[in-house]
Amino acid sequence: MEITFLGHACLLIKTKECNLIVDPFISGNPLAKEVSVNSIKADYILLTHAHQDHILDAEAIAKNNNSTIVSNFEIVNYFQNKGINGHPMNHGGSWKFPFGTITYTTAIHTSSFPDGSYGGQPGGFVINTDHKTIYIAGDTALTYDMKLIPLRHQLDLAVLPIGDNFTMGIEDAIIASDFLNCSKILGYHYDTFGYIEIDHTKAISQFKEHQKELILLEIYNSLTI
Ligand code: NI
Ligand code: MN
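Every chain is numbered on its own, with residues counted from 1 as its sequence reads. The order in which chains are written sets their letters, starting at A; the order in which ligands are written sets their numbers, starting at 1. Local features in this predicted model are restricted to residues whose pLDDT is 70 or higher, and side-chain atom pairs enter the listing and the counts only when it is 80 or higher, whereas totals over whole chains, interfaces and linings include all residues. As a convention, hydrogens and water are excluded, and side-chain values are obtained from all of the structure's heavy atoms.

1. Digging into the packing of aromatic side chains
To be explicit about the condition: Ring pairs shown here join Phe, Tyr and Trp side chains whose ring centres sit within 6.5 Å, with only the six-membered ring taken for Trp; geometry is labelled stacked below 30 degrees between planes, edge-to-face above 60, and tilted in between. The helix count covers DSSP runs of H or I at least four residues long, the strand count covers runs of E at least two residues long, and both are numbered beginning at the N terminus. Each residue is placed in one exposure class: buried if its accessible area under a 1.4 Å probe, protein chains only, is under 20% of its type's maximum, exposed if it is over 50%, and partly exposed if it falls in between. Comment: the charge-over-ring label is applied if NZ (Lys) or CZ (Arg) is within 6 Å of the ring centre and within 35 degrees of the ring normal.
Summed over all chains, the structure comprises 11 aromatic pairs. Note on Y78 and F113: the rings are 3.6 Å apart at their centroids and 15° apart in plane angle, and the pair reads as stacked. One end of the pair, Y78, is in helix α3 (residues 73–80); the other, F113, is in the loop between β8 (100–106) and β9 (123–129), and 35 residues separate them in sequence. With a centroid separation of 5.6 Å and an interplanar angle of 90°, the aromatic rings of F166 and Y195 are classed as edge-to-face. Of this pair, F166 sits in the loop between β11 (157–161) and α5 (170–179) while Y195 sits in the loop between β12 (184–188) and α6 (200–209); the two residues are 29 residues apart in sequence, bridging distant segments of the chain. Judged by its relative accessible area of 62%, Y195 is exposed. One aromatic cluster is present, built from ring pairs that chain together Y44, F97 and F99. Over the ring of Y144 we find K147, and its NZ or CZ is 4.6 Å from the ring centre. One residue, K147, lies across the ring of F179, its end atom 4.8 Å from the ring centre.

2. What about the coordination of the manganese ion (ligand 2)?
The line we're drawing: Here a donor is an N, O or S atom found within 2.8 Å of the metal, or within 3.2 Å if the metal is Na, K or Ca; sites may look incomplete because water is not among the atoms.
In this structure, D53 (OD), H54 (NE2), D139 (OD) and H189 (NE2) serve as the protein donors to the manganese ion (ligand 2), at separations of 2.1 to 2.2 Å. The sequence pattern formed by the donor residues of the manganese ion (ligand 2) is D-H-x84-D-x49-H. In this structure the nickel ion (ligand 1) is found 3.1 Å away from the manganese ion (ligand 2), and D139 serves as a bridging donor for the pair. A residue pair is termed long-range when its members are at least 10 positions apart, and D53 in helix α1 (residues 52–55) and H189 in the loop between β12 and α6 qualify at 136 residues. There is no split in this pair, since D53 and H189 are both buried.

3. Quick look at the pattern of salt bridges
Note the threshold: Between Lys or Arg on one side and Asp or Glu on the other, a salt bridge is scored when a side-chain nitrogen of the former is within 4 Å of a carboxyl oxygen of the latter.
According to the stated counting rule, one finds four salt bridges in the structure shown. The closest approach of N and O atoms between K63 and E59, which form a salt bridge, is 2.9 Å. Of this pair, K63 and E59 both sit in helix α2 (residues 58–65), four residues apart, which is roughly one turn of that helix. Residue E59 is classed as partly exposed on the basis of its relative accessible area, which comes to 26%. A single network of salt bridges, built from pairs that share partners, joins E59, K63 and K82.

4. Some points on the sheet that holds strand β14 (residues 222–224)
Definition in use: Pairing between two strands is assigned when DSSP locates at least 2 bridges connecting them. All axes are obtained by fitting lines to C-alpha atoms, using only the stretch in contact for helices, and the reported angles, taken between N-to-C directions, cover 0 to 180 degrees. The contact criterion used is simple: two residues touch if any of their non-hydrogen atoms lie within 4.5 Å.
Here seven strands make up an open sheet; going across it, the order is β6-β5-β4-β3-β2-β1-β14 and the pairing mixed. Both edges of this open sheet fall to β6 (85–89) and β14, since each of them pairs with a single strand only. Direction aside, neighbouring strands of the sheet carry axes that sit 20° apart on average. Here strand β4 (residues 44–46) pairs with strand β5 (residues 68–72) via three bridges, running parallel. Residue I45 lies in a different strand from β5, and its bridge partner there is I69. Contacts from α3 reach β5 and β6, with the element oriented near 145° to β5.

Don't take any of this as a statement about function, it's just geometry.
Set out below in C-alpha cells:
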C-alpha cells in the first residue's frame with residue numbers, strides 16, 4: 001500500500017482495490033495549501049474521532065466521490081443524517097471491506113463535533129490490506145491498551161501522534177512503539193498549530209537512540225510498505 005501524508009492527521013492510502021482517506025483536515029490547514037480537496041479521490045473515509053481537525057473536509061470529499069465513511073456509530077450516524085453512506089463500528093470490532101480488514105481500536109482522548117454534539121468515543125484503526133498491516137492510532141495518550149494490538153496483529157508500520165499537548169509526545173510515542181512491537185513509526189499530528197510544534201531533527205534522533213525509525217513526511221510525499 002502507498003501512504004501519502006496530506007498534513008496534520010490526514011493520510012491518503014492507496015491499496016490495490018481502493019483509495020482510503022483518513023481524517024481529512026485540508027481546507028483549514030495553512031500548511032496544506034497546495035492540496036486541493038476537490039482533487040481527492042476516495043472510496044472510503046476513515047474518521048478516528050469527531051474533532052474539527054479530523055473531519056473538516058469529510059462531507060465535501062464524501063459528496064464528491066460518493067464515499068463511505070467508516071468510524072464509530074455516532075460519527076457515522078451524524079454523516080448519514082446528511083445523506084452520506086457510512087459503515088458504523090465500535091471498539092474491538094473488525095470488518096472485512098473489499099480492500100482488507102479494519103479493526104476499530106481504543107484511544108484516550110475526547111470526541112465532540114465542532115457544534116458540541118456527541119461524537120462517541122475516539123478511536124484508531126488497524127488496517128490489514130495487500131498483505132501489510134498498519135496501525136493508525138488517532139489522537140491518543142500512551143495507553144496500556146496498545147499492548148493488546150500485537151497479540152493479534154503483526155504491524156509493518158505504526159502511525160502515531162507525536163505533537164504533545166493534545167496527544168502523546170515523542171517520549172511516550174517511543175514507549176508506544178515498544179508496546180506495539182513495531183519499530184517503524186510514521187509521525188503525525190505535529191506542527192499544525194503552535195501548541196504542537198516539534199523539532200524534527202531531535203525527534204528523529206530520539207527514536208534512533210532507541211533503535212527505532214521515525215519517518216516524518218513532507219506534505220504530498222508518500223511511503224510504500
Ligand atoms: Ni482530537
Ligand atoms: Mn486532533
